[in-house]
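# Summary of the model geometry
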Amino acid sequence: MRSQVYFAMRHLASSQKAPEDWRTPKASAKFDRAMAIARRLGLRQSSAAFMRVVLSVLLMAVLTENLYAAEVATDFSAASQLYAEGKYPEAANAYERILQSGVVSPNLLFDYGNAEFKAGSVGKAIAAFRDAELLAPRDSEIRANLGYVRSQVQGAAPAGSLWRDWLGQLTLNEWSLLTALALWLTFLLLTAKQFRPALAPRLRGATGFFVLLTILLGMATGVLAAEHYSQQTAVVVSDAVTRSGPFDDAQNTFAVHDGAELLVVDHHGDWVQVADGSGRTGWLQIKQVELIPGA
Amino acid sequence: LTKYKLSTVATAILIILAATIKVGHATSFTASLDRDTISLGETATLSLSFQGAQPNNVPTPDVPGLQIVNSGTSQNVSFINGAMSATVTVTYSVTPQRTGKFVIPGMRADINGEVIISQPIELTVTQASAPTASAVNSGSEVAFMKLILPQQKVYAGETLAAEMQVYLRDDVQNFGNFEMVSQPSDGFVLGKSAQGDRFRTQVGNRVYTVFPISISVTVARTGDLSLGPFTADAVVVLPSQNQGGDPFFSQFFNQGQQKQVELTTEQVSAQALPLPDDNVPKDFNGAIGDYTMTVTAGPTNVTVGDPITLHVQISGRGSLDGIKMPDQSSWNDFKVFTPTAKTQTTDALGQEGTKTFEEIVTPQSAKLHELPEFSFSFFNPDDGQYHTLRQPPEQLVVQAGNATPLPTIAAAKSATPENQTPQDILPIKQEMGTLAEASGPLIAKPAFLAAQALPVIAFIAAFVWRKRTDSLANNPRLRRQRLVAQLVEMGIDDLKKFAAENNSEAFFTSLFRLLQEQMGERLDCPASSITEAVVDEKLAAHGAPEGVLTGLRELFQLCNQARYAPVRGSEELNSVAAKFEKTVGELQGLRI
């Protein structure tokens with residue numbers, strides 16, 4: 001795949017001839033169609049050459065994207081195959097490699113969480129499911145697996161709250177988009193009233209509604225945004241003992257188990273200060289936890 | 001392996017280089033050893049020389065009992081009588097694994113299609129031998145070496161200290177470049193070594209200075225074991241034989257004579273016994289030596305789930321690295337974390353010291369009242385018996401803790417939509433779904449935030465437009481002002497056009513009308529009522545500058561004159577148009 005990209009780049013660098021040798025017939029056909037349109041538009045030779053370069057670059061971008069997606073899909077299939085064969089640690093590593101390449105999807109995180117759980121890493125599984133839930137909060141399968149894995153953790157299950165559950169029905173991005181939509185509609189109405197003052201009485205109710213909606217949605221977004229940045233959670237990935245300070249020789253404070261979800265209070269170098277539900281605080285090394293944003 | 005690969009690559013490169021050289025000599029292939037007799041433990045060098053052309057293959061000799069390893073390739077290019085001669089030499093290290101006579105057979109090399117076979121080479125390997133007791137006692141040995149094992153009966157796994165002693169005769173002025181050549185051992189694993197304090201001793205009829213070197217050895221198996229013979233090279237400096245002169249001065253100014261000496265110890269043997277099968281403690285986990293144990297724990301007044309730190313110190317002599325944390329299988333109702341270990345040795349050989357384990361345990365029940373007994377068993381080779389150290393149970397107060405609530409976690413919902421407890425996780429998804437780049441939330445993206453500013457800007461623009469429109473609608477004078485300004489702007493273009501066409505009549509008609517419109521707007525009166533007289537009557541009264549008034553008067557007069565003498569040149573009309581533009585511009589700027 002990389003050789004195709006390389007070939008295409010070299011081809012562009014050397015001439016603007018049609019890429020007959022590209023191994024993807026679909027891509028070649030698209031290129032030919034685009035060039036035919038350019039010719040029909042009556043572009044001169046120099047313009048056509050310029051168009052050829054532009055189209056080639058665009059096509060390259062699309063091609064590269066497609067190739068990359070295909071590569072990721074292949075890796076995903078291989079990881080799923082490992083999972084199916086019961087090679088859970090290997091499957092978890094394979095899923096993790098895909099995630100480390102910078103792409104993410106709820107399903108990918110879901111499968112990664114499954115593999116980690118089957119491999120015995122409860123904390124990592126919870127972290128993966130929580131990441132997946134942040135992307136797809138209404139996915140019942142993610143919630144089910146997260147709930148099940150949480151039930152395997154030693155200690156009390158984390159408690160939720162109604163209003164927080166309600167807000168969690170949408171992702172932060174979805175709340176942000178809704179707020180943006182309401183904001184646009186509000187100002188659209190206000191702008192329309194400037195152009196058509198006669199419509200003002202009839203638009204008054206709608207405008208008020210959207211102003212109120214924008215404020216409410218903005219508040220919800222603000223709350224979630226504040227949580228995202230300040231309510232970070234640390235999921236413990238192996239049994240550990242917290243320390244009273246951010247250094248190795250500090251006194252032990254309390255023990256935490258694999259999968260425990262703790263509130264992050266502070267950061268210091270490679271250490272995070274965490275708090276449990278009873279208000280006890282202690283320091284853990286970052287490598288002992290997976291950090292999850294609050295929303 | 002890497003070294004071997006590098007050597008092979010270097011050989012290949014040199015061979016390729018050699019391929020580019022024109023040769024002026026006949027091809028030849030020779031094999032040679034730097035020595036034909038060596039002692040066991042020494043290494044000889046085998047050289048394969050290809051002269052005149054590059055070989056198509058470099059033979060690798062294989063002789064049972066000899067370890068032959070490629071050690072490098074060199075190339076030599078020389079010009080003899082104008083003809084260039086290139087020689088590629090591949091060298092091998094030859095290390096014998098036993099004594100005896102070995103024959104490195106003739107090797108075949110294909111050089112330019114010609115197969116050349118080298119001559120067989122003989123190598124004799126002798127057993128390194130220590131000097132005899134009579135030679136030592138006679139004082140004829142300048143230096144010699146002894147190897148001492150403290151006991152001949154040892155146990156598998158036992159660690160002990162062997163001693164190698166280097167003896168230097170009293171006339172040795174200096175001693176240096178000491179280098180161990182070989183330290184063969186069968187059944188022993190050599191560890192650290194440390195040099196002790198030198199001392200002097202009488203051997204036979206000569207006095208020797210002894211340099212003791214202790215070596216840590218660990219018994220690796222049972223059965224008959226052997227250590228040595230160790231061999232070493234050194235350089236000693238002896239008094240010169242033919243120095244002459246006064247003996248008194250010669251003791252200060254004698255530079256001495258260097259001499260390379262080869263030192264060889266005798267081979268020492270031992271018998272390794274297995275650990276006894278009788279009375280093996282249940283918790284024995286392989287510790288051999290002589291140890292003591294100290295255990296401390298704290299805090300001992302805790303709540304369920306609180307950590308208790310245990311420090312287990314095992315001190316003594318033996319293989320400290322092999323000591324493991326004592327067995328804790330009886331520690332029920334405790335969560336035991338993986339311990340950490342630190343070893344501190346107090347001697348140079350690393351056989352004495354303390355190994356400290358730090359371990360976290362957390363009580364899981366409030367019913368616990370004591371930390372269980374700690375026991376550690378080891379085998380002491382000195383008395384040939386097992387020993388068990390015990391730490392009695394320690395009182396512990398465990399209070400029942402409240403169920404530890406965890407923090408409120410986002411979207412912590414019931415396990416399934418149906419509120420049923422599942423038996424296992426749901427299976428993986430076969431589709432990867434829509435991929436996205438892992439990135440921060442939208443609200444942190446400048447483009448998204450900038451996009452939200454667009455409707456606000458649009459509204460502000462519309463609002464300003466609305467205000468201006470309303471303002472214009474409610475201000476007729478302002479409206480007239482803008483209308484006249486537009487009219488004048490277009491009129492100036494007309495004037496220039498009329499001037500270019502030399503259409504004097506249309507020019508002045510238009511000029512007069514423009515003057516009326518502009519002054520009417522300024523004085524807020526109908527344009528038709530504007531005449532030259534208005535300039536002095538009203539405009540001067542409003543404080544218009546004299547220059548403007550004069551300009552307007554002139555323009556009016558020109559318009560009047562044109563009625564009687566309409567024909568004027570295009571150039572003159574242009575200058576009138578310019579004057580009008582200037583005067584009107586000043587008039588528009590007046591605040592009336």
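What this report covers is the structure whose coordinates are included nearby. (Residues numbered from 1 in each chain as written. Chains lettered and ligands numbered in written order. Predicted model: local features only at pLDDT ≥ 70, side-chain atom pairs only at ≥ 80, totals over all residues. Heavy atoms only, no water.)

To continue, consider the layout of surface pockets. Of the pockets and cavities examined, the largest pocket occupies roughly 1100 Å³. As for the largest pocket, its lining consists of 42 residues, and the residues nearest its centre are Val104(A), Asp131(A), Leu134(A), Leu135(A) and Ser439(B). Ranked by the residues each element gives to the lining of the largest pocket, the list is headed by helix α6 (residues 122-135) of chain A, at eight residues. Taken together, the residues that form the lining of the largest pocket break down as 24 nonpolar, nine polar and nine charged. (1 Å grid on protein atoms, 1.4 Å probe; cavity = no way out; pocket = protein on both sides within 12 Å on 5 of 7 lines; lining within 4 Å. Points joined across faces, edges and corners; volume = space filled by probe spheres on them. Helix = DSSP H or I, 4+ residues; strand = E, 2+ residues; numbered from the N terminus. Nonpolar A, V, L, I, M, F, W, Y, C, P; charged D, E, K, R; others polar.)

The pairing of strands in a sheet comes from backbone hydrogen bonds and takes either a parallel or an antiparallel form. Residue and element names in this part refer to chain B. One open sheet accounts for three strands, arranged β13-β19-β20; its pairing is antiparallel. Each edge of the open sheet carries a strand with a single partner, namely β13 (174-182) and β20 (257-264). Averaged over neighbouring strand pairs, the angle between their axes works out to 20° when direction is ignored. Pairing of β13 with strand β19 (residues 231-238), which is carried by six bridges, proceeds in the antiparallel orientation. Each bridged residue has a counterpart across the sheet, and for Glu 179 the counterpart in β19 is Asp 233. (Pairing = 2+ DSSP bridges. Axes fitted to C-alpha atoms, helices over the stretch in contact; angles between N-to-C directions.)

Take the sheet that holds strand β6 (residues 100-104) of chain B next. Residue and element names in this part refer to chain B. Strand order in this open sheet of three strands is β2-β9-β6, and the pairing throughout is mixed. Every interior strand has two partners, whereas the edge strands, β2 (37-39) and β6, have only one. The sheet shows a mean angle of 25° between the axes of neighbouring strands, taken without regard to direction. Two strands pair when backbone bridges link them, and β6 and strand β9 (residues 121-126) are joined in this way by five bridges, in the antiparallel orientation. What sits directly across from Phe 102, in β9, is Leu 123.

Attention shifts here to unusual backbone geometry. Residue and element names in this part refer to chain B. Omega for the peptide link from Gly 228 to Pro 229 comes to 0°, which places this bond in the cis form. Looking at where Pro 229 falls in the secondary structure, it is placed in the loop between β18 (223-227) and β19. In this structure, Pro 299 follows Gly 298 across a cis peptide bond, with omega equal to -5°. Relative to the assigned elements, Pro 299 resides in the loop between β22 (284-298) and β23 (301-303). Even without being a glycine, Asn 177 presents a positive backbone phi close to 50°.

Helix length check: helix α8 (residues 546-564) of chain B (19 residues) gives 28 Å between terminal C-alpha atoms against 27 Å at 1.5 Å per residue, within 8%. Buried within α8(B) are the following residues: Val548(B), Leu549(B), Gly551(B), Leu552(B), Leu555(B), Phe556(B), Leu558(B), Cys559(B) and Ala562(B). (Expected span 1.5 Å × (residues − 1). Buried < 20%, exposed > 50% of the residue type's maximum accessible area, 1.4 Å probe, protein only.)

Moving on to the interface of chain B and chain A. Across the contact, 57 residues belong to chain B and 75 residues belong to chain A. Here chain B packs against chain A, burying approximately 5600 Å² in sum over the two surfaces, 64% of which is carbon and sulfur. Of all residues in chain B, Ile425(B), Lys429(B) and Met432(B) give up the largest surface area on contact with chain A, accounting jointly for 14% of the area buried on that side. Along the contact surface separating chain B from chain A lie two salt bridges. The partner of Asp139(A) in a salt bridge is Lys429(B), and the shortest N-O contact between them spans 2.5 Å. Our enumeration of links across chain B and chain A arrives at eleven residue pairs in polar contact (both at pLDDT 80 or more). Secondary-structure elements contributing two or more residues to the side of chain B that touches chain A are β27 (352-363), β33 (436-437) and α4 (446-473) of chain B. In terms of residue class, the side of chain B that touches chain A is built from 35 nonpolar, 13 polar and nine charged. (Contact = heavy atoms within 4.5 Å. Buried area = accessible area lost by both parts, 1.4 Å probe. Salt bridge = Lys/Arg side-chain N within 4 Å of Asp/Glu carboxyl O. Polar contact = N/O pair within 3.5 Å; in protein donor to acceptor, adjacent residues only side chain to side chain.)

A separate point is empty space enclosed by the protein. Residues and elements named next belong to chain B. Applying the stated criterion to the full structure yields four cavities of 30 Å³ or more. What the largest cavity holds in volume is close to 70 Å³. Every residue along the wall of the largest cavity is listed here: Val 295, Ala 297, Leu 310, Trp 331, Leu 371, Pro 372, Phe 374, Gln 391, Pro 392, Pro 393 and Glu 394. By residue class, the composition of the lining of the largest cavity is nine nonpolar, one polar and one charged.

Our next topic: the packing of aromatic side chains. Applying the stated criterion across every chain yields a total of 25 aromatic pairs over all chains. Seen in terms of ring centroids, Phe175(B) and Phe211(B) are 5.9 Å apart; in terms of plane orientation they differ by 20°. Their pairing is stacked. Residue Phe175(B) is found in strand β13, and its partner Phe211(B) is found in strand β17 (residues 206-219); the two are separated by 36 residues along the sequence. Taken together, the aromatic side chains of Tyr155(B), Phe284(B), Phe379(B) and Tyr386(B) make up a single cluster linked through ring pairs. One Lys or Arg, Lys335(B), reaches over the ring of Phe337(B) and ends 5.8 Å from the middle of that ring. The ring centre of Phe110(A) lies 4.9 Å from the NZ or CZ of Lys429(B), which sits over that ring. (Phe/Tyr/Trp six-rings, centres within 6.5 Å; stacked < 30°, edge-to-face > 60°. Lys NZ or Arg CZ within 6 Å of the ring centre and 35° of its normal.)

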